Amino acid sequence: MSTPDTARCPIDHAAMLGPTGCPISPGAAAFDPFADGYQQSPPDYLRWSREQEPVFYSPKLGYWVVTRYDDVKAVFRDHQTFSASIALEKITPTADEANAVLASYDYAMNRTLVNEEEPAHMARRRVLIQPFTPEALAEHEPMVRRVAREYVDKFIDDGRADLVDQMLWEAPLTIGLHFLGVPEEDMDQLRQYSIAHTVNTWGRPQPEEQVAVAHAVGNFWQLSGKILQKMRQNPDAPGWMPYGICKQKDYPEVVTDSYLHSMMMAGIVASHETTANGIANALKSLLQQPDVWQELCDDPSLIPSAVEECIRHNGSVAAWRRLATRDAVVGGVHIPAGAKLLIVMSSANHDERHFADAGRVDIRRDNASDHLTFGYGSHQCMGKNLARLELQVFLQEFTKRLPHMRLAEQRFDYLPNTSFRGPKHLWVEWDPAHNPERAHPAILAQQQPVRLGEPSRQTVTRPMRVERVTRLTDDTVLLRLVAANGQPLPKWQPGAHIDVECGSAELSRQYSLCGDPADSGAYEIAVLRDAASRGGSSWVHEQLKEGDRLRIRGPRNHFRFDESAKKAVFIAGGIGITPIAAMAHRARLLGMDYEIHYSGRSRKLMPLLDTLIAEHGARLHVYPKDEGHRADLTALLATPQPEVRLYACGPERMLGALQACTAHWPDDTLRVEHFQTEPPTLDPAKEHAFEVELKDSGITLPVRADQTILSALKAANIDVQSDCCEGLCGSCEVRVLGGNVDHRDLVLTRGERDAQDRMMVCCSRAVGEKLVLEL
Ligand code: HEM
Ligand code: FES
């Protein structure tokens, strides 16, 4: 017998194996973050990875690359397994000659915050955080407005500008210097040096370029030292660096000389390039969609949420780095201790598993602020609210004074590097004769309030028009809603719902989407007339007619359909069929094994029944009560099947019975959607006060007997997502590190409750005196 061909195979198979001995796929082998594909759009360039190989080893880079939302967040979250120590390490090691140049400048860049390890990091972060609080940032707002105004004044009458060269590079530097407390006189030099630092740290300079870069970095280092010396003469001056100098007196071991000198340089980069690129990316994204830009100009109250969406969609920090301190598993892939990870936030921000219709700029996106552009966890960007403030003020200035500007023809180029991303130039054009301030100089005095901190979901609504009202049963109507401006709507995923404002902003109700997710022309919801309605469904049934306008929020999805499961069993009662209908439709399209069990009072009161029969045939089991049919859930669910997912929506009684019948099934098999619960009323006579310790923030907060944890967190300006505030939606989930939780939500499964490692802070409380939370 001849030897197998592989014995003579010309390919060096050993070279095709990663550090764990696993073969390297062609996509992983080709991955090159310095190539144009990544530079132009990291999320598009990594789409293949999100879909096929979400964690891979890149032989060209020597890093493990992580691209899905949950995995990137999990790496950020676990700062012990994944150390931030390499965040500022040179991604391309420099040659001896360049190193010698750096040494000649006594270059001694040390840990700052972003790459400092615990416990030193958190101690320093806590001492230095005060200037980043909303109250402290509010003092900078007039300065930010003045700087934005002065730059626009310079070119407003020209009709054409490169916004990067003429404003967006310098203005955030000026603002950053003010924030840091640095005098403006060294600005031009700093600008050059600051780019050099980016190339030095995150780029791939050629050997001859490395020497020039090293000189620039060395000069930057020395200039930073000189500026720091100047500051020490006047430590009472405003600014974050003088604040640090003052704190050094009380905490000399925490705020060291080496830290201050290093931060002087790193702080300029942190506050400058990130924001300069962020504004350029935001304007580019918005101007590329003239309808969206127009909407923002017409309604500037949308600016805070537009800022958040732009930071998600086209963020200025594309990827960040971590070092595995021990063997670990990320997304099911074994990562050996000592491995370096490139965690690509820009890819995570486009993960369809978390952001439906991720490629679209949707300035009303409900969960935009879930993005990971600011990192997450203990090192999350301290300057995020300064950046949000700047972006809002800049967008206000442009939408007010140059609403008629448009992108000029151009190709966008980027500085080749893994992490900091923004176009080198951004050419725009407009007709100065149409500058609104020429006809209405008063607009210059108009000022929108800025929102300091994360934008609230509750304020962002989507104007809609009722295109059609169809009676489905005696007590249910189907509403077909289209965007009021006639534009296509964001796509959604089965299980998603919208909040409908029923006649007033104070009265909103949640309705599952039951149409076709692929139909971007309209959203469909079925509304049952509830006899005990407090105004929601009776308003829909009595007042709403075709052609009417209304406002919705969302879509949002906390009832996700797992497309990878082998089989799905859907159980619906009455109007609970709406999310199930969308899921079953999807299951059929995917060719998945599934069955539907649909109960109701009588066939004529069971919405969507005819459509479901036509679509699902024998897979649909119908149980009309008046015909004596009852779903025998106990028999149906007698034998646990690990590969099956159960989805249920319907009356609380049915869901309660289901919980009981599936008690012997594996945890998390049953996924339910609840729509009715009692709003939490806290009776201080029955509740007790307790404390929550926030591990990552390093603070402890009291929670009064009449207060939710969520409101205590918000009062302390801790960003936590929230939505329903009734324990329904799962938005406010927080990890619990210590203490016993009195769970009062309807989101967690039995197994999750017992594990005592997470909770919904909008309603659940402490059993004892204290909880420790991962915040
Ligand atoms: C950390 C992004 C603006 C100061 C970070 C991190 C990222 C980031 C990704 C690392 C997070 C982690 O490891 O979890 C951004 C973006 C900005 C921005 C995208 C603008 C759009 C600013 C501004 C400042 C700032 C204006 C002001 C000085 C910091 C500091 C840290 C940091 C001090 C270190 C925090 C720590 O390690 O505890 N930023 N940043 N950033 N950023 Fe920002
Ligand atoms: Fe909805 Fe807490 S905000 S569960």
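Everything that follows concerns the structure shown earlier in this document.
Residue positions are counted from 1 within each chain, in the order its sequence is given. Just so you know, chain letters begin at A and ligand numbers begin at 1, following the order they were written in. Given that this is a predicted model, residues contribute local features only at a pLDDT of at least 70 and side-chain atom pairs are listed and counted only at 80 or more, while totals for whole chains, interfaces and linings are drawn from all residues. Excluded from the side-chain calculations are hydrogens and water; all other atoms, namely the structure's heavy atoms, are used.

Further remarks concern the sheet that holds strand β10 (residues 427–429). Within a beta sheet, neighbouring strands are joined by backbone hydrogen bonds and run either parallel or antiparallel to one another. Any two strands are treated as partners once DSSP identifies two or more bridges connecting them. Per the convention used, a helix needs a DSSP run of H or I reaching at least four residues, while a strand needs a run of E reaching at least two, with both numbered from the N terminus. An order of β4-β10-β9 is seen for the 3 strands of this open sheet, with the pairing classed as antiparallel. What marks the edges here is a single partner per strand, and that holds for β4 (160–162) and β9 (406–407). Relative to β10, β9 runs antiparallel, the two being bridged by 2 bridges. Bridge pairing in β10 places L407 opposite V428.

As a further point, take the sheet that holds strand β19 (residues 620–624). With parallel pairing, the 5 strands of this open sheet are ordered in space as β19-β18-β17-β20-β21. The two strands at the open ends of the sheet, each matched to only one other strand, are β19 and β21 (670–673). Neighbour-to-neighbour, the strand axes of the sheet open up by a mean angle of 15 degrees, direction not taken into account. Bridge count between strand β17 (residues 567–573) and strand β20 (residues 644–649): 6 bridges; the pairing is parallel. Bridge pairing in β20 places A568 opposite R645. Should any heavy atoms of two residues lie within 4.5 Å, those residues are considered in contact. Only the contacting stretch of a helix is used when fitting its axis, a line to C-alpha atoms as for every element, and angles between N-to-C directions run 0 to 180 degrees. Against the sheet, helix α23 (residues 609–616) makes contact with β18 (593–600) and β19, and its axis sits at roughly 150 degrees relative to β19, the strand it touches most.

The subject of this paragraph is empty space enclosed by the protein. The definitions used throughout rest on a 1 Å grid laid over the protein atoms alone, on which a cavity is an enclosed set of points accommodating a 1.4 Å probe that cannot get out and a pocket is an open set flanked by protein within 12 Å on both sides along at least five of seven lines; lining residues are those having an atom within 4 Å of a point. Grid points are joined across faces, edges and corners, and a volume is the space filled by probe spheres set on the points. With the rule as written, the count across this model stands at 3 cavities of 30 Å³ or more. Lining of the largest cavity is provided by 45 residues; of these, A270, T274, C381, M382 and G383 occupy positions nearest its centre. Where the lining of the largest cavity is concerned, the elements lending two or more residues are α7 (120–128), α11 (170–180), α12 (187–202), α15 (257–287), α17 (303–313), β5 (320–324) and α19 (384–401). Considering every element that reaches the lining of the largest cavity, the biggest residue donor is α15, with 9 residues. Here the lining of the largest cavity is built from residues that sort into 26 nonpolar, 16 polar and 3 charged. Polar here means any residue other than Ala, Val, Leu, Ile, Met, Phe, Trp, Tyr, Cys and Pro, which are nonpolar, and Asp, Glu, Lys and Arg, which are charged; Gly is therefore polar.

A few words on the pattern of salt bridges. Where charged atoms from two side chains of opposite charge come close, those side chains can pair. Think of a salt bridge as a Lys or Arg side-chain nitrogen and an Asp or Glu carboxyl oxygen that are within 4 Å of each other. Under the criterion given, the structure shown has 52 salt bridges. As a salt-bridge pair, D357 and K491 come within 3.5 Å of each other at their nearest N and O atoms. Here K491 lies in the loop between β12 (476–483) and β13 (497–501) and D357 lies in the loop between α18 (345–348) and α19, a separation of 134 residues in the sequence. Relative accessibility under 20% of the residue-type maximum defines a buried residue, over 50% an exposed one, and the middle range a partly exposed one, all with a 1.4 Å probe and only protein chains included. You can call D357 buried: its relative accessible area is 11%. K686 is paired through a salt bridge with D683; the nearest N and O atoms lie 4.0 Å apart. Residue K686 is classed as exposed on the basis of its relative accessible area, which comes to 71%.

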